[in-house]
Amino acid sequence: MRQSYLELYEGGQGELVEKKSRFIATLRPVKTEEEAAAFIEEVRKKYWDASHNCTAFSIGIQNPKVRCSDDGEPGGTAGRPMLDVLLGEEVHNVCAVVTRYFGGTLLGTGGLVRAYSGAVQEGLKNSTVLFKMPGQKIGITCDYTGIGKIQYLAGQMKAKILDTEYTDVVSAEVLLREEEAEAFVKKVTEATSGRAEITVVGSPYFAEKDGEILLFEE
(Lines give C-alpha, C1' and ligand atoms only; values in the text may rest on other atoms or scores of the structure.)
Protein backbone atom coordinates (compact mmCIF):
# COMPACT_ATOMS: atom_id res chain seq x y z
CA MET A 1 0.00 0.00 0.00
CA ARG A 2 1.39 3.39 -0.98
CA GLN A 3 1.66 6.08 1.68
CA SER A 4 0.34 9.62 1.95
CA TYR A 5 2.85 12.41 2.39
CA LEU A 6 3.39 16.17 2.48
CA GLU A 7 5.12 17.77 -0.48
CA LEU A 8 6.13 21.30 -1.35
CA TYR A 9 3.91 22.32 -4.28
CA GLU A 10 4.71 26.02 -4.64
CA GLY A 11 7.78 27.62 -3.13
CA GLY A 12 7.93 30.89 -1.27
CA GLN A 13 10.17 33.26 0.66
CA GLY A 14 10.45 34.25 4.28
CA GLU A 15 12.64 36.81 5.97
CA LEU A 16 13.74 37.79 9.45
CA VAL A 17 16.26 40.21 10.92
CA GLU A 18 18.38 39.35 13.95
CA LYS A 19 20.73 41.99 15.38
CA LYS A 20 20.85 43.73 11.99
CA SER A 21 21.73 40.50 10.14
CA ARG A 22 19.19 39.78 7.43
CA PHE A 23 18.14 36.17 6.77
CA ILE A 24 16.18 35.46 3.56
CA ALA A 25 14.79 31.95 3.07
CA THR A 26 13.89 30.84 -0.44
CA LEU A 27 12.14 27.49 -0.95
CA ARG A 28 11.41 25.57 -4.14
CA PRO A 29 9.99 22.12 -5.03
CA VAL A 30 12.67 19.74 -6.34
CA LYS A 31 12.51 16.09 -7.40
CA THR A 32 16.21 15.35 -8.01
CA GLU A 33 19.60 16.35 -6.60
CA GLU A 34 20.35 17.96 -9.97
CA GLU A 35 17.30 20.20 -9.62
CA ALA A 36 18.36 21.11 -6.09
CA ALA A 37 21.91 21.94 -7.24
CA ALA A 38 20.59 24.14 -10.06
CA PHE A 39 18.26 25.99 -7.69
CA ILE A 40 21.03 26.55 -5.14
CA GLU A 41 23.29 27.95 -7.85
CA GLU A 42 20.48 30.23 -9.05
CA VAL A 43 20.00 31.69 -5.57
CA ARG A 44 23.74 32.11 -5.07
CA LYS A 45 23.95 34.10 -8.31
CA LYS A 46 20.97 36.24 -7.28
CA TYR A 47 22.45 36.98 -3.87
CA TRP A 48 26.08 37.00 -4.99
CA ASP A 49 27.00 39.73 -2.51
CA ALA A 50 25.63 37.93 0.57
CA SER A 51 27.78 36.72 3.46
CA HIS A 52 26.42 33.16 3.24
CA ASN A 53 23.95 31.06 1.25
CA CYS A 54 23.24 28.03 3.44
CA THR A 55 21.26 25.10 2.08
CA ALA A 56 19.20 22.04 2.96
CA PHE A 57 17.07 19.67 0.93
CA SER A 58 15.00 16.51 1.31
CA ILE A 59 14.19 14.53 -1.83
CA GLY A 60 12.10 11.37 -2.05
CA ILE A 61 9.48 9.79 0.18
CA GLN A 62 10.82 6.62 1.74
CA ASN A 63 14.38 7.02 3.02
CA PRO A 64 14.68 10.46 1.40
CA LYS A 65 17.99 11.87 0.23
CA VAL A 66 18.92 14.70 2.57
CA ARG A 67 21.81 17.14 2.34
CA CYS A 68 22.75 20.39 4.05
CA SER A 69 25.55 22.95 3.99
CA ASP A 70 26.65 25.65 6.45
CA ASP A 71 28.43 27.58 3.66
CA GLY A 72 31.09 28.96 5.97
CA GLU A 73 28.98 29.46 9.09
CA PRO A 74 30.19 27.60 12.23
CA GLY A 75 29.55 23.87 11.86
CA GLY A 76 26.03 22.77 12.70
CA THR A 77 24.60 26.29 13.08
CA ALA A 78 22.89 26.71 9.70
CA GLY A 79 22.38 23.80 7.30
CA ARG A 80 21.47 21.20 9.93
CA PRO A 81 18.94 23.42 11.75
CA MET A 82 17.39 24.22 8.37
CA LEU A 83 17.16 20.53 7.51
CA ASP A 84 15.71 19.75 10.93
CA VAL A 85 12.81 22.11 10.20
CA LEU A 86 12.07 20.38 6.87
CA LEU A 87 12.28 16.93 8.45
CA GLY A 88 10.30 18.00 11.52
CA GLU A 89 7.49 19.36 9.34
CA GLU A 90 7.75 16.15 7.25
CA VAL A 91 7.80 18.10 3.99
CA HIS A 92 9.29 16.18 1.06
CA ASN A 93 10.80 17.17 -2.28
CA VAL A 94 11.90 20.56 -1.05
CA CYS A 95 15.08 22.62 -1.18
CA ALA A 96 15.69 25.62 1.07
CA VAL A 97 18.37 28.27 0.75
CA VAL A 98 18.82 30.83 3.51
CA THR A 99 20.79 33.90 2.46
CA ARG A 100 22.49 35.92 5.19
CA TYR A 101 23.62 39.51 4.98
CA PHE A 102 25.85 40.08 8.00
CA GLY A 103 24.78 43.00 10.17
CA GLY A 104 28.01 43.52 12.06
CA THR A 105 27.09 41.74 15.31
CA LEU A 106 28.00 38.12 16.07
CA LEU A 107 24.95 36.06 17.01
CA GLY A 108 26.63 33.13 18.71
CA THR A 109 25.82 29.48 18.11
CA GLY A 110 22.32 29.60 19.59
CA GLY A 111 21.43 32.80 17.77
CA LEU A 112 22.50 31.38 14.43
CA VAL A 113 20.52 28.17 14.95
CA ARG A 114 17.39 30.15 15.84
CA ALA A 115 17.82 32.53 12.90
CA TYR A 116 18.39 29.90 10.23
CA SER A 117 15.63 27.58 11.46
CA GLY A 118 13.27 30.53 11.95
CA ALA A 119 13.89 31.76 8.41
CA VAL A 120 12.96 28.36 6.97
CA GLN A 121 9.80 28.30 9.08
CA GLU A 122 8.87 31.71 7.67
CA GLY A 123 9.55 30.43 4.16
CA LEU A 124 7.27 27.44 4.70
CA LYS A 125 4.48 29.74 5.92
CA ASN A 126 4.64 31.54 2.58
CA SER A 127 4.79 28.36 0.50
CA THR A 128 2.10 25.88 -0.54
CA VAL A 129 2.43 22.40 0.94
CA LEU A 130 0.04 19.68 -0.25
CA PHE A 131 -1.06 16.52 1.50
CA LYS A 132 -0.85 13.96 -1.32
CA MET A 133 -2.82 10.74 -1.00
CA PRO A 134 -2.67 7.55 -3.09
CA GLY A 135 -5.91 7.10 -4.99
CA GLN A 136 -7.71 5.01 -7.55
CA LYS A 137 -9.84 6.23 -10.42
CA ILE A 138 -12.79 3.92 -10.96
CA GLY A 139 -14.72 3.95 -14.22
CA ILE A 140 -18.38 2.94 -13.90
CA THR A 141 -20.93 2.40 -16.66
CA CYS A 142 -24.53 1.78 -15.65
CA ASP A 143 -28.13 2.55 -16.55
CA TYR A 144 -29.94 5.67 -15.46
CA THR A 145 -31.41 3.90 -12.44
CA GLY A 146 -27.96 3.03 -11.12
CA ILE A 147 -26.37 6.48 -11.28
CA GLY A 148 -28.36 7.80 -8.35
CA LYS A 149 -27.17 4.92 -6.19
CA ILE A 150 -23.58 5.54 -7.25
CA GLN A 151 -23.84 9.24 -6.46
CA TYR A 152 -25.27 8.38 -3.03
CA LEU A 153 -22.44 5.92 -2.30
CA ALA A 154 -19.83 8.42 -3.50
CA GLY A 155 -21.23 11.01 -1.11
CA GLN A 156 -21.25 8.50 1.75
CA MET A 157 -17.62 7.53 1.21
CA LYS A 158 -16.46 11.08 0.35
CA ALA A 159 -15.40 9.96 -3.11
CA LYS A 160 -15.04 12.57 -5.85
CA ILE A 161 -17.01 12.17 -9.08
CA LEU A 162 -14.58 13.61 -11.63
CA ASP A 163 -16.69 13.24 -14.74
CA THR A 164 -20.11 12.01 -15.81
CA GLU A 165 -21.29 11.36 -19.38
CA TYR A 166 -24.91 10.71 -20.28
CA THR A 167 -25.70 8.78 -23.46
CA ASP A 168 -27.90 5.69 -23.73
CA VAL A 169 -26.07 4.68 -20.54
CA VAL A 170 -24.32 6.72 -17.85
CA SER A 171 -20.51 6.67 -17.55
CA ALA A 172 -18.86 8.10 -14.45
CA GLU A 173 -15.30 8.40 -13.26
CA VAL A 174 -14.88 8.33 -9.49
CA LEU A 175 -11.76 9.10 -7.44
CA LEU A 176 -11.25 7.42 -4.08
CA ARG A 177 -8.50 6.90 -1.56
CA GLU A 178 -6.66 3.76 -2.51
CA GLU A 179 -7.60 1.93 0.70
CA GLU A 180 -11.32 2.61 0.15
CA ALA A 181 -11.54 1.57 -3.51
CA GLU A 182 -12.23 -2.12 -2.93
CA ALA A 183 -15.06 -1.41 -0.49
CA PHE A 184 -16.59 1.13 -2.88
CA VAL A 185 -16.53 -1.31 -5.80
CA LYS A 186 -18.20 -3.94 -3.64
CA LYS A 187 -20.96 -1.54 -2.56
CA VAL A 188 -21.57 -0.39 -6.15
CA THR A 189 -21.79 -4.01 -7.31
CA GLU A 190 -24.32 -4.79 -4.59
CA ALA A 191 -26.34 -1.62 -5.13
CA THR A 192 -26.67 -2.22 -8.89
CA SER A 193 -27.16 -5.98 -8.54
CA GLY A 194 -23.98 -6.55 -10.53
CA ARG A 195 -25.24 -4.68 -13.60
CA ALA A 196 -22.68 -1.87 -13.43
CA GLU A 197 -19.52 -2.27 -15.47
CA ILE A 198 -16.58 -1.32 -13.24
CA THR A 199 -12.92 -0.85 -14.20
CA VAL A 200 -9.85 0.70 -12.59
CA VAL A 201 -8.70 3.42 -14.98
CA GLY A 202 -5.78 4.87 -13.01
CA SER A 203 -3.93 5.03 -9.72
CA PRO A 204 -2.85 8.66 -9.29
CA TYR A 205 -1.87 10.50 -6.17
CA PHE A 206 -4.26 13.36 -5.46
CA ALA A 207 -4.56 16.41 -3.24
CA GLU A 208 -7.07 19.16 -2.57
CA LYS A 209 -6.13 22.81 -3.05
CA ASP A 210 -8.63 25.62 -2.62
CA GLY A 211 -11.49 23.17 -3.11
CA GLU A 212 -10.01 21.79 -6.34
CA ILE A 213 -8.80 18.22 -6.84
CA LEU A 214 -5.27 17.95 -8.23
CA LEU A 215 -4.11 14.65 -9.75
CA PHE A 216 -0.49 13.50 -9.93
CA GLU A 217 0.73 10.51 -11.92
CA GLU A 218 3.74 9.07 -10.11
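Worth saying up front: this structure is predicted, and the values here are computed from it rather than measured.

Quick notes on the rules
In this convention, every chain numbers its residues from 1, walking through the sequence in written order. Predicted model: local features are reported for residues with pLDDT of at least 70 only, side-chain atom pairs are reported and counted for 80 or more only, and whole-chain, interface and lining totals are derived from all residues. With hydrogens and water set aside, each side-chain value is computed from the structure's full complement of heavy atoms. Each helix is a run of H or I in the DSSP string that is no shorter than four residues. Each strand is a run of E no shorter than two, and both are numbered from the N terminus. Atoms counted for the radius of gyration: C-alpha only. Globule rule: 2.2 Å times residue count to the power 0.38. Burial classes follow relative accessibility: with a 1.4 Å probe on protein chains only, a residue under 20% of its type's maximum area counts as buried, one over 50% as exposed, and anything between as partly exposed. Any two residues whose heavy atoms approach within 4.5 Å at even a single point are treated as in contact. Per-residue and other accessible areas follow the Shrake-Rupley method at a 1.4 Å probe size, with only the shown protein chains counted as cover for residues. Paired strands, as defined in this entry, are two strands with at least two bridges between them according to DSSP. All axes here are fitted lines through C-alpha atoms, helices being fitted over the stretch that makes contact, and every angle between N-to-C directions spans 0 to 180 degrees.

Engineer: Would you mind showing me how to read the overall build of the chain here?
Structural biologist: From N to C terminus, the chain includes 5 helices and 13 strands. A compact globule built from 218 residues should have a C-alpha radius of gyration of about 17 Å, whereas the chain, at 24 Å, is more than 25% larger. Overall size of the chain, expressed as C-alpha extent along the three principal axes, is 75 × 30 × 25 Å. The 218 residues of the chain split such that 44% are buried. At a minimum sequence separation of 6, the contacts of the chain that also span at least 24 residues come to 71%. Summed over its atoms, the accessible surface of the chain is roughly 11300 Å², and 47% of this surface lies on carbon and sulfur atoms.

Engineer: Sorry if this is basic, but what is going on with the side chain of Lys-137 here?
Structural biologist: In this fold, Lys-137 is placed in strand 8 (residues 128–142). We classify Lys-137 as buried; its relative accessible area is 15%. Here Lys-137 is in contact with Leu-162, Glu-173, Val-174, Leu-175, Thr-199, Val-200, Val-201, Gly-202, Pro-204 and Leu-215, once residues within four sequence places are set aside.

Engineer: Teacher, can you tell me more about the sheet that holds strand 3 (residues 21–29) here?
Structural biologist: Two pairing modes exist for strands in a sheet, parallel and antiparallel, and in both the strands are linked by backbone hydrogen bonds. Overall, antiparallel pairing links the 5 strands, which are arranged 2-3-7-4-5 in an open sheet. Each edge of the open sheet carries a strand with a single partner, namely strand 2 (13–18) and strand 5 (65–69). Pairs of neighbouring strands in the sheet enclose a mean axial angle of 15°, with direction left out of account. Pairing analysis gives 6 bridges linking strand 2 to strand 3, with the strands arranged antiparallel. What sits directly across from Leu-16, in strand 3, is Phe-23. Helix 1 (residues 33–46) rests against strand 2, strand 3, strand 4 (52–59), strand 5 and strand 7 (94–101) of the sheet, and its axis sits at about 160° to strand 4. Contacting strand 4, strand 5 and strand 7, helix 2 (residues 79–88) runs over the sheet at an angle of about 35° to strand 4.

Engineer: In this structure, what is going on with unusual backbone geometry? I would like to understand it.
Structural biologist: Negative phi is the rule for most residues except glycine; trans is the rule for most peptide bonds. Not every positive phi belongs to a glycine, and Asn-63 is a case in point at roughly 50°. By secondary structure assignment, the location of Asn-63 is in the loop between strand 4 and strand 5. At Ser-193, a position not held by glycine, the phi torsion is positive, near 55°. A residue is classified by how much of its surface remains accessible, and Ser-193, at 55% relative accessible area, is exposed.

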